[in-house]
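What the coordinates show
Read off the chains here:
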Amino acid sequence: MSALTAQPPRREPRSILPWLATPALVVFVGFAVIPLVGVFALSFTTWDGIGAIRSSGLTSWRSVLTNPGLPHALLVTFLVMAVSWAVQTPLSILLGTFLAGRQRYRAVLGVVYFIPLMLSSAAIAIAYKALLDPNFGLGAGLKIQLLSQDWLGRPGLAFGVVVFVVSWQFIPFHSLIYQGGVQQIPKSLYEAAQLDGAGRIRQFFSITLPQLKYTIITSSTLMVVGSLTFFDLIFILTEGGPGDATRVLALDMYKRGFQASLMGPASAIAVILVLVGLALALLLRRLGGRDAGASQLEGV
């Protein structure tokens, strides 16, 4: 009787999640993978951007790799990356921790701090270039000698201005990331620390920073990889000058491709940028990926 009343096993419905991801995959392939393959193929050609595309083998790669300006552009790119990371990360963590509080005025300040990210890089560069003009800028208007220097005409000052403007624009974004990370930390940890007599500074270094480890890795990945694409802001502020003091690799690619009409070498530089960005992203992912996976398994 029990055998007759037993029902056949249920067939679980097929998951529709892969089908939901199909539109995103199509967009990614169409706007990322195919153009990247095209740029890679273009790096083995000679093309001025208008005429016929002619295959030239490794000519473009030789011209790029043997150019003495490539190591300098790479050095400037990594310097901008490292210094901007060193400036943005601690300030973003402090601002994110501060904005994670429950006071109402902090929500208002969070909106105010977020304004620079809403502006375009071109508009920011134009505004700062006007403000820093030694003859008609802020320093000349207020008659402050310290602000009336040739900020964009001296290599050291120009580099500092680029790092400052980049940090000013993107600190709000990373502060928002850290704000979300701090709000996910269990309040019981802070309550236990207070019972043990730990002050706010001790709580910050013993609880907040360790709990933000993976948030720091995520923010650093976005910061480092994003710094490889700095172009419009630097182009408007300094055009890579004075001399080559702020000529990053992305700007070098633009000048070769659209000013010198050398699309082959410009494509080779674009491939180098992609490879460098991929290597840095994998390195940062490896720093926190294994521990993150282990913690997820422990949670299961």
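The sections below set out a description of the structure shown in this document.

Quick notes on the rules
- Residues numbered from 1 in each chain as written.
- Predicted model: local features only at pLDDT ≥ 70, side-chain atom pairs only at ≥ 80, totals over all residues.
- Heavy atoms only, no water.
- Helix = DSSP H or I, 4+ residues; strand = E, 2+ residues; numbered from the N terminus.
- Rg over C-alpha atoms; globule rule 2.2 N^0.38 Å.
- Contact = heavy atoms within 4.5 Å.
- Areas by Shrake-Rupley, 256 points an atom, 1.4 Å probe, with all protein chains shown as cover.
- Lys, Arg positive; Asp, Glu negative; His and termini not counted.
- Charge placed at Lys NZ, Arg CZ, Asp CG, Glu CD.
- Axes fitted to C-alpha atoms, helices over the stretch in contact; angles between N-to-C directions.
- Parallel < 35°, antiparallel > 145°, perpendicular 65-115°, else oblique.
- Left-handed = near helix turned anticlockwise from the far one by under 90°.
- 1 Å grid on protein atoms, 1.4 Å probe; cavity = no way out; pocket = protein on both sides within 12 Å on 5 of 7 lines; lining within 4 Å.
- Points joined across faces, edges and corners; volume = space filled by probe spheres on them.
- Nonpolar A, V, L, I, M, F, W, Y, C, P; charged D, E, K, R; others polar.
- Polar contact = N/O pair within 3.5 Å; in protein donor to acceptor, adjacent residues only side chain to side chain.
- Core = buried A, V, L, I, M, F, W, Y, C linked by side-chain atoms within 4.5 Å.
- Buried < 20%, exposed > 50% of the residue type's maximum accessible area, 1.4 Å probe, protein only.
- Phe/Tyr/Trp six-rings, centres within 6.5 Å; stacked < 30°, edge-to-face > 60°.
- Salt bridge = Lys/Arg side-chain N within 4 Å of Asp/Glu carboxyl O.

Our next topic: the overall build of the chain. Across its full length, the chain holds 16 helices and two strands. Against the globule reference of 19 Å for 300 residues, the chain gives a C-alpha radius of gyration of 25 Å, more extended than a compact globule. Along the first, second and third principal axes, the C-alpha atoms of the chain reach 90 × 60 × 30 Å. Pairs at least 24 residues apart make up 66% of the contacts formed inside the chain by residues separated by at least 6 positions. Total accessible area on the chain is roughly 18,800 Å²; 69% of this is exposed by carbon and sulfur atoms. Looking at charge distribution, the chain has the averaged site of its 21 positive side-chain charges lying 6 Å from that of its 12 negative ones.

Okay, the packing of helix 5 (residues 69-99) against helix 10 (residues 155-183) next. Put simply, helix 5 and helix 10 touch, their axes get as near as 6 Å, and they point 40° apart. As summarised for this structure, helix 5 and helix 10 are arranged oblique, according to the angle between their axes. Taken as a pair, helix 5 and helix 10 cross one another with a handedness that is right-handed.

Another aspect to go through is the layout of surface pockets. Its volume calculated, the largest pocket comes out at about 630 Å³. Around the largest pocket, the lining is made up of 18 residues, and of these T97, R106, Y190, R200 and Q203 lie nearest the centre. Listed by contribution, the elements that provide at least two residues to the lining of the largest pocket are helix 5, helix 10, helix 11 (187-195) and helix 12 (200-211). A breakdown of the residues in the lining of the largest pocket according to their chemical character gives six nonpolar, seven polar and five charged. For the second largest pocket, the calculated volume is near 270 Å³. Around the second largest pocket, the lining residues are P35, L36, V39, V225, L228, T229, A250, M253, A270, L273, V274 and G277. Elements with a minimum of two residues in the lining of the second largest pocket: helix 3 (22-42), helix 15 (249-259) and helix 16 (263-299).

Let us now look at the side chain of D252. Along the chain, the position of D252 falls in helix 15. A polar contact of 2.7 Å, which involves the side chain of D252, links it to the side chain of R247. If we ignore the near neighbours within four places in the chain, the residues touching D252 are A73, R247 and I269.

One broad rule of soluble globular proteins: the nonpolar side chains tend to lie buried together. The biggest cluster of nonpolar side chains holds 20 residues, and the ones touching the most others in it are V80, V161, V165, L233, I234, L237 and V248. Counting residues per element, the ones that place at least two in this core are helix 5, helix 8 (121-131), helix 10 and helix 14 (232-237). It is helix 10 that contributes the most residues to this core, six residues altogether. Judged by nonpolar contacts, the second largest core, of 17 residues, contains W61, L70, A268 and L284.

One pass over the full model with this rule turns up ten aromatic pairs. Where Y128 meets F164, the ring centres are 6.0 Å apart and the plane angle is 80°; that geometry is what we call edge-to-face. You can see Y128 sitting in helix 8 and its partner F164 sitting in helix 10, a full 36 residues away along the chain. Consider the rings of F170 and F230, whose centres lie 6.0 Å apart with planes at 25°: the pair is stacked. Placement of the pair is F170 in helix 10 and F230 in the loop between helix 13 (213-227) and helix 14, with a sequence separation of 60 residues. Judged by its relative accessible area of 24%, F170 is partly exposed.

This paragraph deals with the pattern of salt bridges. Per the counting criterion, the structure on display carries three salt bridges. In this structure, R247 engages D244 in a salt bridge whose closest nitrogen and oxygen atoms are separated by 3.9 Å. Note on R247: relative accessible area 22%, which makes it partly exposed. One salt bridge in this structure joins D252 and R247, with 2.7 Å as the shortest N-O distance. On the basis of relative accessibility, which here comes to 3%, the residue D252 falls in the buried class. A single salt-bridge network, built from bridges that share partners, covers D244, R247, D252 and R256.

If you trace the backbone, L195 turns up in helix 11. In this structure L195 comes out as exposed when scored by relative accessible area, which is 77%. Residues L195 and Q211, 16 residues apart in the sequence, show an inter-C-alpha distance of 19 Å.

In this section: unusual backbone geometry. Cis geometry is found at the peptide bond from G241 to P242, where omega equals -5°. You can see P242 is positioned in the loop between helix 14 and helix 15. Although it is not a glycine, K143 adopts a positive phi angle of roughly 60°. Positive phi outside glycine occurs at E239, with the angle close to 55°. The residue E239 is located in the loop between helix 14 and helix 15 in this model. Note on E239: relative accessible area 45%, which makes it partly exposed.

Function-wise, these values are silent; they only describe arrangement.
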